[in-house]
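# Descriptive analysis of the structure
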Amino acid sequence: MSPLDPATGYSTGALQAALRADIDSFIVMDIMREASALETSGRSVIHMEVGQPGTPAPRLARDAVARALECDTLGYTMALGRDDLRARISQHYHETYGVRVSPERVVVTAGSSAAFVLAFLACFDVGDRVLLPSPGYPCYRHILSALGQSSQLVQTGPANRWMPQPEDVGRQAGACGAKGLLIASPANPTGTMLEPERLAALVRVCGERGLWFISDEIYHGLTYGAAAQTALAYSDEAIVINSFSKYFSMTGWRIGWMVVPDRLVRVIERLAQNLYISPPAVSQVAALAAFDAGEELEANRAVYAANRAVLLDGLPRAGFGSIVPADGAFYLYADVSHLTDDSVALSRRILHETGVAVTPGVDFDAARGARFVRFSYARSTADMVEAVRRLTAWGRW
Ligand SMILES: Cc1ncc(COP(=O)(O)O)c(C=O)c1O
């Protein structure tokens, strides 16, 4: 037996973190920490690393919360969320997409992040494999891996607007025996979107092959041309995950939702009861009111549209020319292979030499991401103009 540690009373070295917990960090959060440290030391930093709006929750949401703090106990709610919020989300599907979704199929969650855990636990067993487009949001594969499940990447590229082809999904699913496909459209980090026909075809391929289709619709509402279509328009079997974080400008409130087929509702309810008891009560008050804040939210979107135009015009002049114009979200993914094959080092240099924080592509694509960086344009237009000015001056240096 190893000797006892005098500080803890446990035998030294006996307690180690489980192997399943050995997941990669979400690099953007690490960059955010570095950028904040620089800011605390007095440097001016333009935050283009993190995908979060610079605006607070809508005024109506904050007012509703202020009232609730005075007169509501804000205790636990039902594990599936407040009935009035579930009904309002159901109404949102009818208003936005013309799709009927019964409130019973809506599950309110602690951000979309909790919805992924619930969906993965409900749909996949230990050892099951899930197809994920690459590049993509890193936490999908990290969560799967922490749950003892695994991912199989489907490579995408600019020629296909960074979205998978249905035939590739079919072929890869057959080859690796995948149990599901998870896709975000508009996507992070590229901001590109599936055309409705390709979304329908992907849903169909999954249906034919018996794969769960999980649609991350967190960037719906943030589109700059055609509106995004929900996977629920093509199948009631799709699992749709969404959030109040992005369009509704409520990242820190940790509130989101999912829509699931009838037969999964009780499964997810039992998981939610045991894992989280209920989604945060105060955030549900805010979320309900946020649905009435259309004017404010559309004004936010108009700012993102202006930011996108500033960057699509200015970044090429600053030396970041190779970008697929994004249809949605608030990201641009730039090929920087003419500057580096180490996007982490480049992002650090850009941060320290210009005060512009960007995210290295390796967060989203461990292999090819070394030649890409992601710009997030969720802050003010003045910030974007200043970022272009700094990057242009830096590029000419
Ligand atoms: C594609 C995508 N899905 C999900 C999330 C998680 O968001 P939240 O847990 O705040 O809803 C993010 C966050 O950036 C994201 O980019």
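Coordinates for the structure precede this section.
First, a word on what this report is: a plain description of the structure on this page. Keep in mind it's a predicted model, so treat the numbers as computed, not measured. (Residues numbered from 1 in each chain as written. Predicted model: local features only at pLDDT ≥ 70, side-chain atom pairs only at ≥ 80, totals over all residues. Heavy atoms only, no water.)

Helix and strand counts for the protein chain stand at 12 helices and 13 strands. Relative to the 2.2 N^0.38 estimate, which gives 21 Å for 397 residues, the radius of gyration of the protein chain is 22 Å and therefore close to what a compact globule would have. Taking the principal axes of the C-alpha coordinates as reference, the protein chain spans close to 65 × 60 × 55 Å. Counting the 397 residues in the protein chain, one finds 55% classified as buried. Intrachain contacts of the protein chain at a sequence separation of at least 6 include 74% that bridge at least 24 residues. Total accessible area on the protein chain is roughly 16900 Å²; 54% of this is exposed by carbon and sulfur atoms. (Helix = DSSP H or I, 4+ residues; strand = E, 2+ residues; numbered from the N terminus. Rg over C-alpha atoms; globule rule 2.2 N^0.38 Å. Buried < 20%, exposed > 50% of the residue type's maximum accessible area, 1.4 Å probe, protein only. Contact = heavy atoms within 4.5 Å. Areas by Shrake-Rupley, 256 points an atom, 1.4 Å probe, with all protein chains shown as cover.)

What follows covers the sheet that holds strand β10 (residues 331-335). Across the sheet, 4 strands lie side by side as β9-β10-β13-β12; this open sheet has antiparallel pairing. In the strand order of this sheet, the two ends are held by β9 (322-323) and β12 (359-360), each with one partner. Pairing of β12 with strand β13 (residues 372-376) involves 2 bridges; the strand directions are antiparallel. Counterpart to P360 in the pairing with β13 is V373. (Pairing = 2+ DSSP bridges.)

The next thing to look at is the site of the ligand. The environment of the ligand is formed by 14 residues, the closest being S113, D216, Y219, S243 and S245. Measuring from an oxygen atom of the ligand, one finds a side-chain N or O atom of S113 at 2.5 Å. D216 is positioned such that a nitrogen or oxygen atom in its side chain is 2.6 Å from a nitrogen atom of the ligand. In isolation the ligand has 400 Å² of accessible area, and contact with the protein removes 93% of it. Of the residues in the shell around the ligand, the class split is 5 nonpolar, 6 polar and 3 charged. (Near = heavy atom within 4 Å. Polar contact = N/O pair within 3.5 Å; in protein donor to acceptor, adjacent residues only side chain to side chain. Nonpolar A, V, L, I, M, F, W, Y, C, P; charged D, E, K, R; others polar.)

Before going further, it helps to spend a moment on helix α7 (residues 196-209). Over its 14 residues, α7 runs 20 Å from end to end, which matches the ideal 20 Å to within 8%, given 1.5 Å per residue. Packing partners of the buried residues in α7 comprise α6 (166-176), β5 (180-184) and β6 (212-216). Once α7 finishes, G210 follows within two positions and takes phi at roughly 70°, a positive value. (Expected span 1.5 Å × (residues − 1).)

For β10, a buried count of 5 out of 5 residues is recorded, marking the element as mostly surrounded by other parts of the structure. Here β10 shows a buried face lined by Y331, Y333 and D335 and a second buried face lined by L332 and A334. Here β9 runs beside β10; their pairing, made up of 2 bridges, is antiparallel. Directly across from I323, in β10, lies its bridge partner A334. As defined by bridge partners, β10 adjoins β13 across 5 bridges and the pair is classed as antiparallel. By the bridge assignment, A334 is partnered in β13 with V373.

Turning to the packing of helix α10 (residues 294-317) against helix α12 (residues 381-395), a few remarks are in order. Between α10 and α12, the least distance of the axes is 9 Å, while the angle of their chain directions is 10°. The pairing of α10 with α12 is recorded here as roughly parallel in orientation. For the pair α10 and α12, the contacting residues are V303, A306, N307, V310, L311, G314, L315 and R317 in the first and T381, M384, V385, V388, L391 and T392 in the second. Counted by class, the contact of α10 with α12 contains 9 nonpolar, 4 polar and 1 charged residues. (Axes fitted to C-alpha atoms, helices over the stretch in contact; angles between N-to-C directions. Parallel < 35°, antiparallel > 145°, perpendicular 65-115°, else oblique.)

Attention shifts here to the sheet that holds strand β4 (residues 150-155). Here we have 7 strands laid out as an open sheet, ordered β2-β8-β7-β6-β5-β3-β4, and mixed in their pairing. Across the chains shown, the open sheet's two edge strands, defined by having one partner strand only, are β2 (106-109) and β4. Taken over all neighbouring pairs, the strand axes of this sheet differ in orientation by 20° on average, direction set aside. Direction of pairing for strand β7 (residues 239-243) relative to strand β8 (residues 256-259): antiparallel, over a ladder of 4 bridges. Bridge pairing links I241 to M258 in β8.

To continue, consider unusual backbone geometry. The omega torsion of the bond from S134 to P135 falls at 5°, within 30 degrees of zero and hence cis. Tracing the sequence through the fold places P135 in the loop between β3 (129-134) and α5 (138-146). A positive phi angle, near 60°, is found at W162, a position not held by glycine. Here W162 is to be found in the loop between β4 and α6. In this structure, I277 is a non-glycine residue whose phi angle is positive, near 65°. Relative to the assigned elements, I277 resides in the loop between α8 (262-275) and α9 (281-290).

This brings us to the pattern of salt bridges. As a working rule, side chains carrying opposite charge can pair if their charged atoms are close by. Following the criterion strictly, the structure yields 18 salt bridges and no others. For R348, the salt bridge is made with E34, and the minimal N-O distance between the two is 2.9 Å. On the criterion of sequence distance, the pair formed by R348 in helix α11 (residues 343-354) and E34 in helix α1 (residues 27-40) is long-range, its members being 314 residues apart. The exposure class assigned to R348 is partly exposed, which follows from its relative accessible area of 39%. Between R171 and D168 there is a salt bridge; the shortest N-O distance is 2.4 Å. Of this pair, R171 and D168 both sit in helix α6, 3 residues apart, which is roughly one turn of the helix. When its relative accessible area of 52% is taken as the criterion, R171 is described as exposed. (Salt bridge = Lys/Arg side-chain N within 4 Å of Asp/Glu carboxyl O.)

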